[in-house]
Amino acid sequence: MSEVVYEETVTMIAAGELQSFVPFGREHCRNHPNAINLQLRQLQPASELWASDGAAGLVGSLQGVTLHERERECWQLRKGCVFGGEHQGAEFEEELYTTGNMVVWSQGSCPNSDVYKAFTVDSPVQQALWCNFTVPHNEKVGKEVGETLEQTVCIVQNSCLNVHTVTGKDFTAPLPFQVSNLWATKFGLLLERKNSSDQPSAPGECLPTVFSLLHPLEEVAPVLCQSAGVSDGSRAHYMSDSNMNIVFSCCQPSILVCYDSAQGIHTVWTLRTVTHHERSVVLRCPVQQSGSPLGLKAPGFQTSHLRNISRLDSPGGCAGPSRTTGVSAQNSPLHSALHGHQSRMMTSSPSVQTRVHSPSISNMAALSRSHSPGMAAPSFSGASRFNMSFHSPSSKGPHSLLLSPNSTTNESVLLPEMEPIRPDLCMEQLWSETLSAGGRREMSSQASKVFVTSDLCENHFLCLLVESHQQLRCVKFIQSNDMSPLIFASVTTIPAKDAEPLQNIGAMLVLESSGSLVLYTGVTRVSKVFVPGLLSPTFSLSSQPPHLHMARENASTPTIATSRHLQRLDEAVMLSPVSERSQNTTLHQTSWLDDLMSIRALRDSVCNRVTLELSNGTMLRVTIPEIATSELVKKCLQAIRFILPKEAALKVLVKWYNMYNAPGGPSAHVEWSLFVTCLMTLMGYNTERLAWTRNLNFEVPLSPVIAAKKARPSDGGSDEDWDYLQSSHYHRQLMSHLVCGPTYSSFAPSATTDSLSVYVDSSAPLFSFIPSLFSVLHLLYQEIQLDQLQIAGATNLLCLLQQLARDLHLDHYIDLYWRDCPALVSSFTESCPIDQTLIAQMQRPSFLKEEPPSVIGWFSSCLRGEEVLPFPFLPGICERTRLLVLSYALYIGGNENAISSDISVYLNKLSAGQKSSSSDQPIHRQSYAAKPELSNHSLASNTELSNQSLAEKLVVWLTSEGFTLKDLETVPFGVALPIREAIYRCREQPHSDWSEEVCLLIGRQDLTKQAHKMNLTKSKTSVGSGLSFEPSSSTEADEEEDGMCDIIQEVTGLIWSEDLRVQEVRRLLQSSRPVRVSVLQLPEVSDHEYIEEKENKLLQLCQRTMSLPVGRGFFTLFSYHPVPTEPLPVPKLNLTGRAHPRNTMVDLNSGNIDVPPNMTSWASFHNGVAAGLKIAPVSQVDSAWIAYNKPKSPELANEYAGFLMALGLNGHLTKLATLNIHDYLTKGHEMTSIGLLLGVSSAKLGTMDMSITRLLSIHIPALLPPTSTELDVPHNVQVAAVVGIGLVYQGTGHRHNAEVLLAEIGRPPGPEMEYCTDRESYSLAAGLALGMVCLGHGSNLIGMTDLNVPEQLYQYMVGGHRRAQVGAGRDRHKSPSYQIKEGDTINVDVTCPGATLALAMIYLKTNNRSIADWLKAPDTMFLLDFIKPEFLLLRTLARCIIMWDEILPDADWVSSNVPKIIQENIGNTAVSEDINMETLAQAHDYIIAGACLAVGFRFAGSANSEAFECLYKFCSIFMKCLNSSTAGVSGLYNLQSCLSMALLALSMVMSGSGNLKVLQLCRFLHRRTGAEMNYGFHMAHHMALGLLFLGAGRFTLNTSNSGIAALLCALYPHFPAHSTDNRYHLQALRHLLVLAAGPRLLVPVDVDSLKPCYAPLDVTYKETQWYKETTVELMAPVMLPELQLLKQVKVKGPRYWELSIDLGKGTQHLESILSRDGVLYVKLRAGHLPFKDDPQGWKSLVASNQPTFFKPQSVSTLTSDPALLSFAEFFCKTSVGTKHGEDTVAVFSTILYECVTQESPEMLPTYIDIEQAVRALQGGQLSQTFPLWQMRLVLEFCERRVLDGAPNSPGALLSSEFLLVTKNKADRVMEQWMKDNRALLSSYLKGGDLLEKAQSTMLACFLVYCSVPSLRNTHTVEAEGSLLEQYFWWCSDHGFPFRELLKAAPLLQGAPGLPQNNLEMKS
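Residues numbered from 1 in each chain as written. Predicted model: local features only at pLDDT ≥ 70, side-chain atom pairs only at ≥ 80, totals over all residues. Heavy atoms only, no water.

A. Focus on the overall build of the protein. Counting its regular elements, the protein contains 73 helices and 51 strands. A total of 1963 residues make up the protein; the buried ones form 56% of that total. The long-range fraction of contacts in the protein, counting pairs at least 24 apart against all pairs at least 6 apart in sequence, stands at 71%. For the protein, the exposed area adds up to about 82,900 Å²; of that, 54% sits on carbon and sulfur atoms. (Helix = DSSP H or I, 4+ residues; strand = E, 2+ residues; numbered from the N terminus. Buried < 20%, exposed > 50% of the residue type's maximum accessible area, 1.4 Å probe, protein only. Contact = heavy atoms within 4.5 Å. Areas by Shrake-Rupley, 256 points an atom, 1.4 Å probe, with all protein chains shown as cover.)

Pasting the structure below:
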């Protein structure tokens, strides 16, 4: 190892202030109540404690705890990480402190820390550390989606590992073995197994020692290792060497350092994921040992793996076969001898590769219970894998894991094969130490501290502190790129007692054995560190020999290896301070050190802070100063590091660091002056001889250290003394008095007096690099000009650059600098001439061209359409230059590839190695002139389109580069204008799918907010949601509990602003208050009879009350977000009444009248469903909350059953644990089973989920095997299960289920009364389920042709002979029913409804006429008599929805469905006797009702006005019939049924619209409570009411196939007669209507006020066969049509910013908006008021004409931006104390008005900058030409836009009038100046000198403004001068306006020999 270290001359730097350090956790633990808790817990029995600890209990572990162990503590510090929120970028420290069984995580810098988290565990903590686990975003999609880092604290106890995440998750992982050490890595945790010395494993067994844990929920897996030099995975084996210990792990780069205690060497490994090949090698291949001893290789052992026995069904504790060589062989003496010999050979071998042999994983046998402390604990899934014995189990019993001596191979062969554990990570060796030649005695001991550090030039080093040798070994390594491994280079040894890295400053602090602190950067010594307030032992050491550390090395014994690197608690071996001091004393033979507090150790470095541990035990925190604080100096140092060779750069940086941080050195604000002095000195300048460097402002006397550094050896003694005098305080004070002269030039030493001193010293270290340094500093100067925050630093840098340019004779550069800062550059006249021969020898970089690169000039050329050269830039330093150059190339140049493939055309990326060569490569020039082949007309027409797409490209690209609005504000106004224009264009027409960052950049807060994905919720329940709206004001107690208080009033108030219809619906649907019972007591009625009469009346009213919840569930659909800590509020179902006039209570439980049993059971169920349906699908609901809502009282069980069904309908039931589902079903509660089965089926709609299928099949006898036990399943549960099968298999066309369901439609009644009651509902359910399984398949039923499904269904519909049963179910129906005699014919009354609807659903929308004709109503009287009128309704409906496209929304079409015979005879008085009028009338009514329903289905949710008119007409007809005398012909019941169906159809069409006419109808029918109105009719009417206000107007129905199927189930046109009636249709199915509902309400929300508002929309429909593409204008909030019908939805102006959502690209974006309560954020334009405040738009400020003098107080009506309001307040009002006068205020007011009304408030600073620039120009106050450069760019940009043919386009940001006025002012100033200063201009054009500062400034302004090229000092000065002069004066004399002169500016930059007539012609 080389020990040569580059060392500076002896210097010293000063550290920051000392702070005493005490770990924060220590104090916190002192006050923690933990000690008392421990005593209490000790009293608990161990069995109770086991669960939390995983050990046998706390008591046992506490017995051995001594006082000493409880006192032990350790801590670690790291740089703070902010977990989101407001403190991003804040610097602080984090501490993890461990003592006893407590871990304290605190944040903040000492002493102001706070506890972030504190953990108390059950047993003493062995180790605690931070670790990051990677978790995929979405498990389903896998790792491609990207991963998130989960930050955690890991705490190791004796037998388990606790992992606590930042987000609050806690994991406990049992440890399968005792862990000696835990290491955090890039992938997760590494665990080192503790070697148990007391129980040696079988000889030769090598067990894995290192394991990985990638996530606390995953298995612990062994780690592979791969030896060095093997590329394929063939040599991979488990890491199993017990001598190899990990001493260090690092995440970036991912490396481990291990120490081999046998060989005494350190090795470095890279940690990576295992390759597939390596995994297969280790898992599959048998391990080849040195032959099979005794040939006992058993055939069954070819693949002996580490077994997985964690599965529940595997036998616990059984182990697989033990090894390739059988068990008996392993225990044989020969085997042991072989293995012993083998291991001896390996140990003595020096090379690692041969020694670490690959063990068989079966050797994990030794990780048995004996290693794990939790003996009494049942085996964990992970633990048992490792804890099994790999020898065969003992014959004594299956659970014995001890090795039986007489076991044989054959026993173990019988054991089952088990799954192996797959390794996740692999260690690959990269480097190992070389052993020194001294043999064993010199063997290195283990490193006590390892860290990674880098030097100032970003060389990386791995440092190992070997304390026994008192040396720090620094291994240099190179990171080439992410994929290839690290390359380890040289090793350097530094004598050190301790060391700590300082990441922030690229250095490390080393404690030498002498006790002094030294700073190193990499292996370069920087200086000693002087710690103020701590006596340094440095002065005593000067007399000591230089290689003292060698003596120390020999004196110390390698056995004492102090581990001071975050020791684990149980191994915190600290050397006592006494022994260490005595060693020091013997070593140095000095006694005075005993009494001093010397530094004993360093620890806990964070950034540039480190803790010094003193010999008396106190700790001090000290800060090592940074390399620079000013941004400018940092940038310059970066540039120097970039361009210089690493060695030279390192010298410069070290020199600068010492100079800057010398003790008592200068303060921060003279940093730049000091930097210039340092750099110029290193270049060879004598800074004392140059006037401007001599006068740089130092406030403190230069310390002798710096003075000594400045003295150059070549100057000789006298010069040094002279320098010292010159730098003295007195000299500078004297000079500062003289500085006040007119210019610097008065100090210029005359060439005659001191000609020797002004030369540059050519022997200086950086002399040859002057051109390179000059060129990078020039590029840095260009970069700084693009940042307004650093523009002040540009003038500082300019002083240095102009000096270098003078001395390098770069005249064009001097001219450029003079034009930038004329006054400053004119004052510099000195130059230090460098010999031409020396200049030629300098290293001149290729990018240092004659023509200076000027980035603003580049932009100007680009805007004028001229050719541009690639602009040079320094990668990583000049990033803004790169960004802006490419932005111009893209947007102004119009080259879309500028940001991708053509970067090199515009940018010349410099690398440090570019030196000049004689033949430079040809230069690409890129011209921006318009292409000649394009005519002006075509160019103009394409401009707008292309500019828009370029603007979009630019904005998206800038965002991807991390460019934000804050960055844009710092770009100078002229440069930023094109970017601002692009942003403005995009703001007008943004894409709805842009990311949040893009929306932020273009200033569309509405879109940014949209990207946040928030919901509208009420404030009461808004837990962490974005928008909260106040609940309604009328929150009385009774209204709170009606279950409808979660409706968002703001939205409903906007939809129905004219009336109180929502309150009316709430009144109609509430069931929580007693009803009014009004019965008049007649005189003859006794009191008792009167009470009975009242109760009978109440019973009638209760029929209505019990039906209300169904409608209420639809009304409040998805309107509530539950709080996880509160149960769901369920409104009461109140069945009592109040009698008038005394308000007496009327109750049904008095016993006066007979009340049906179980009357309220289904009503309670519906009430539970209604409450559950309130929960929105996006709410946070989990299994625990669902169980938490379970009621305690059994009478509420029905309600909870309904609640479960509702959770299925809104998708939350999938979160219910399978165990809970099983639990609910085993209770045998009928309602719960129905709710649960329908719920889980709805939640798994169409998924064919197998677990749900099994669940349902148990309840359906037909789906069970014929031999299975008959289960007593209630009939209604069977019905629910059958429908469930239809839901789970919806649309799948599943053959087996279809076959079973087809048979079940005609299931015959069985003996013993089974299947005899309510057969209709079961048959109907089977028909509906069959229809759903084959939904919409039509004739394409694949694989079902043999079933003849349509024919079979037709037979069920019309009747006939029953077919013979085939298949599995045939044995079930052998014996006929004893009660029901049907014979072998089909009972059509049972099978017809199911079969009809099954046909309708199978052929839904197929327009299959042949099937439809089967369903036609019969047209003869004879056939009509044979069919139930109700069935005619079903047939008509079925026929119409099959012929979907023929349904028309008019009365004629409805009537056309009635057969001719009925049409002819209905209403005809003279009819023949053989025609039954009753039959005809009923058939007519039902057919009409069926056709109405079909119209309802076809136009469901469309609010189609024609369909509404048509259906409303038929409702009115039925109403009239009911009240007319002819009602008796059809029968009141039939008419009422038809009316209910027509009303439902009407509500379907108008669903969600809240139509007033339909509401009136519903309210009218609500009031009818006579005896003829049964429970079913009430249910129908209130369902219609709920449908009309579906989801409080936010939801409506869709007509997808799935939606139609759900509607057919829910709206089956036969309603129950009473509350317990399920004969024809299961009541629970009514709620399936929710599956057809979808959110389609779009609610505009003002992004500033976060309140819903009105906004106009343009909705464009796609073209269809019925209408062309149409655009309609709607006012939102509005219910959108079905999304597949739409092409585009657009928010219209002018009040709001436009926003279009294009549905051509897909409906996902709009669907996601609608699913989040339909919130569409909109932004009001300035000057407009919302529609609520200004419906006509007459009040808006923009509507009125602009006032002559804009009143600033009216700004508040235009904008709410606080910055603009403040501007109006302070700058647009004249007051006494203000500086600005009336005219300024007027200008500012006009500017403000312009910005606000044009919606470009960001242009306000630009306007003001332009105004200020012109004002300064008029007053002659410009000291720099920078503002004029920017003005020039603005004018050139606007001119380009005019040439493009877009003068007044909406994208024009700056007002053209304003520009013309300011341009005119500037032109006049220039014209006047040119007339007055003719001589000066002539002088410049002829190359004369410029002396007078004021004139010089104006001349520079003139040249910049007029774009006059640099013509000075060229070889054609005379010719050029005369040509230009003639031109100027010719223009001036002929009275040409000044702007004509400007037009010629481009020509002036042409060739030197430009002909005269060209100029004249141009002018």
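B. Spotlight on helix 48 (residues 1388-1402). Between its first and last C-alpha atoms helix 48 spans 20 Å; for 15 residues at 1.5 Å apiece the expected length is 21 Å, and the two agree. Of all 15 residues in helix 48, 13 are buried, a share of seventy percent or more. (Expected span 1.5 Å × (residues − 1).)

C. Spotlight on the sheet that holds strand 13 (residues 210-213). An order of 11-12-13-14 is seen for the 4 strands of this open sheet, with the pairing classed as antiparallel. In this open sheet, the two strands that pair with only one neighbour each are strand 11 (179-184) and strand 14 (221-222). The pairing of strand 11 with strand 12 (residues 189-193) spans 5 bridges and is classified as antiparallel. Looking across to strand 12, one finds that A184 is bridged to L189. (Pairing = 2+ DSSP bridges.)

D. Structural detail: helix 61 (residues 1708-1715). For helix 61, the complete set of buried residues consists of L1710, I1713 and L1714. Angular distribution of buried residues about the axis of helix 61 spans 95°; they occupy a single face of the element. Contact partners of the buried residues in helix 61: helix 33 (1005-1011), strand 44 (1637-1639), strand 45 (1641-1646), strand 49 (1686-1691), strand 50 (1699-1702) and strand 51 (1719-1722). Of the residues one or two after helix 61, D1717 is the one with positive phi, at around 65°. (Arc of directions from axis to C-beta.)

E. The sheet that holds strand 45, seen in detail. Reading across from one edge, 48-45-51 is the order of the 3 strands in this open sheet, with mixed pairing throughout. A single partner strand is all that each edge strand has here, and the edge strands are strand 48 (1678-1679) and strand 51. Alignment of strand 45 against strand 48, held across 2 bridges, turns out to be antiparallel. Looking at strand 48, one finds that L1642 is bridged to V1678. The strands that helix 61 touches are strand 45 and strand 51; relative to strand 45, the one it contacts most, it runs at about 75°. (Axes fitted to C-alpha atoms, helices over the stretch in contact; angles between N-to-C directions.)

F. Structural detail: the side chain of Q226. Along the polypeptide, Q226 turns up in strand 15 (residues 224-226). Q226 gets classed as buried once you look at its relative accessible area, which sits at 0%. Polar contacts involving the side chain of Q226 include one to the main-chain amide nitrogen of A236, which spans 3.3 Å. (Polar contact = N/O pair within 3.5 Å; in protein donor to acceptor, adjacent residues only side chain to side chain.)

G. Seen up close, the pattern of salt bridges. In this structure the tally under the stated criterion is 47 salt bridges. The partner of E988 in a salt bridge is R1725, and the shortest N-O contact between them spans 3.0 Å. Taken together, the residues E988 in helix 31 (residues 973-988) and R1725 in the loop between strand 51 and helix 62 (1755-1758) connect sequence positions 737 residues apart. Here the two residues E988 and R1725 agree in accessibility, since each one is buried. (Salt bridge = Lys/Arg side-chain N within 4 Å of Asp/Glu carboxyl O.)

H. Main features of the nonpolar core. Membership of the largest hydrophobic core comes to 224 residues, with the highest contact counts inside it found for L519, L644, W656, F774, L797, Y817 and F859. A total of 10 residues in this core trace back to one element, the largest contributor, which is helix 15 (residues 646-660). With residues up to four places along the chain from it excluded, the contact list for W656 reads I627, A628, V633, L637, E671, L674, F675 and C678. M1159, F1203, M1205 and V1558 belong to the second largest nonpolar core, which has 211 residues in total. (Core = buried A, V, L, I, M, F, W, Y, C linked by side-chain atoms within 4.5 Å.)

I. Structural view of the packing of helix 64 (residues 1782-1797) against helix 65 (residues 1804-1818). Look at helix 64 against helix 65: their axes get within 9 Å of each other, and the N-to-C directions meet at 150°. On the basis of the axis angle, helix 64 is roughly antiparallel to helix 65. As helix 64 packs across helix 65, the resulting crossing turns out to be right-handed. Between helix 64 and helix 65, the contacting residues are T1784, V1787, F1788, I1791, L1792, E1794 and C1795 on the first element and L1804, Y1807, I1808, E1811 and R1815 on the second. Classifying every residue of the contact of helix 64 with helix 65 by side-chain character gives 8 nonpolar, 1 polar and 3 charged. (Parallel < 35°, antiparallel > 145°, perpendicular 65-115°, else oblique. Left-handed = near helix turned anticlockwise from the far one by under 90°. Nonpolar A, V, L, I, M, F, W, Y, C, P; charged D, E, K, R; others polar.)

J. The arrangement of the packing of helix 46 (residues 1319-1333) against helix 48 in detail. For the pair helix 46 and helix 48, interaxial distance at closest approach is 8 Å and the crossing angle is 15°. Regarding the angle of helix 46 to helix 48, the classification is roughly parallel. Crossing handedness for the pair helix 46 and helix 48: right-handed. In contact with R1319, E1320, S1323, L1324, G1327, L1328, L1330, G1331 and M1332 of helix 46, helix 48 contributes D1389, V1390, T1391, P1393, G1394, L1397, A1398, M1401 and I1402. Here the contact of helix 46 with helix 48 is composed, by residue class, of 10 nonpolar, 5 polar and 3 charged.

That's the geometry; what it means functionally is another story.
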